[in-house]
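Chains, contacts and geometry: an overview
Residue strings, one per chain:
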Amino acid sequence: MAKKSSKVSEPAIASYGKAVFSIDSILNMDSGFFDEPLTRVDTFRDGLRKESFESLKAIAGLDYNTLAGALGISAKTIQRKEVFDTIQSEKMFELAELYAMGISYFGLEGFRRWMERPLFSIGNRKPLDLIDVSEGLDILKSEIMRLQHGIAV
């Protein structure tokens, strides 16, 4: 009888790739662009460009009116803007942060569905109804973190 080899060939180190949707990729920026806090401050002051907005819009699957409401400006103004002001740029970053977190947990289509269905844990409101206020974004991020850690909501 031939002796079978019991040698297992596995890599010594497990490597994990970066999430497909990072804040950088959602806002159409170079990888690692938003890693440094002072870079974020300067970027928000200079304003995010229209390309960042369009990328966020495409990934989020939201229309101009919904995103305009989240940014606190009219849909017509968004269509005319080439560079967003500080507050709107910060808000776009916060939305991208929420979407990066949600997509990494639910997947793209799963997160889009999660954003549109009423949740008991937030008073039977749709998560999309909370994206116009920073506190609402914080609540949604907390909900996702609870799910990630297995805490029933």
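In this report, the structure presented in the accompanying data block is examined.

Calculation criteria
- Residues numbered from 1 in each chain as written.
- Predicted model: local features only at pLDDT ≥ 70, side-chain atom pairs only at ≥ 80, totals over all residues.
- Heavy atoms only, no water.
- Phe/Tyr/Trp six-rings, centres within 6.5 Å; stacked < 30°, edge-to-face > 60°.
- Helix = DSSP H or I, 4+ residues; strand = E, 2+ residues; numbered from the N terminus.
- Buried < 20%, exposed > 50% of the residue type's maximum accessible area, 1.4 Å probe, protein only.
- Axes fitted to C-alpha atoms, helices over the stretch in contact; angles between N-to-C directions.
- Parallel < 35°, antiparallel > 145°, perpendicular 65-115°, else oblique.
- Left-handed = near helix turned anticlockwise from the far one by under 90°.
- Contact = heavy atoms within 4.5 Å.
- Nonpolar A, V, L, I, M, F, W, Y, C, P; charged D, E, K, R; others polar.

**Brief notes about the packing of aromatic side chains**
Two descriptors summarise a pair of aromatic rings, namely the distance from one centre to the other and the angle between the planes of the rings. Inspection of every chain in the model, using the stated rule, returns 11 aromatic pairs. Centre to centre, the rings of Y99 and F111 are 4.9 Å apart; their planes meet at 85°, and the pair counts as edge-to-face. With Y99 in helix 6 (residues 86–106) and F111 in helix 7 (residues 108–116), this residue pair connects regions lying 12 residues apart in the sequence. F111 matches Y99 in its accessibility class, with the two residues each being buried. Here the aromatic cluster, defined as three or more aromatic residues joined through ring pairs, consists of Y99, Y105, F106, F111 and W114.

**Examining the packing of helix 7 against helix 8 (residues 134–148)**
Look at helix 7 against helix 8: their axes get within 13 Å of each other, and the N-to-C directions meet at 125°. The angle between helix 7 and helix 8 falls in the class oblique. When you trace helix 7 past helix 8, the crossing you get is right-handed. Across the interface between the two elements, F111, W114 and M115 of helix 7 pack against L140, E143, I144 and L147 of helix 8. Its residues placed into classes, the contact of helix 7 with helix 8 shows six nonpolar, no polar and one charged.

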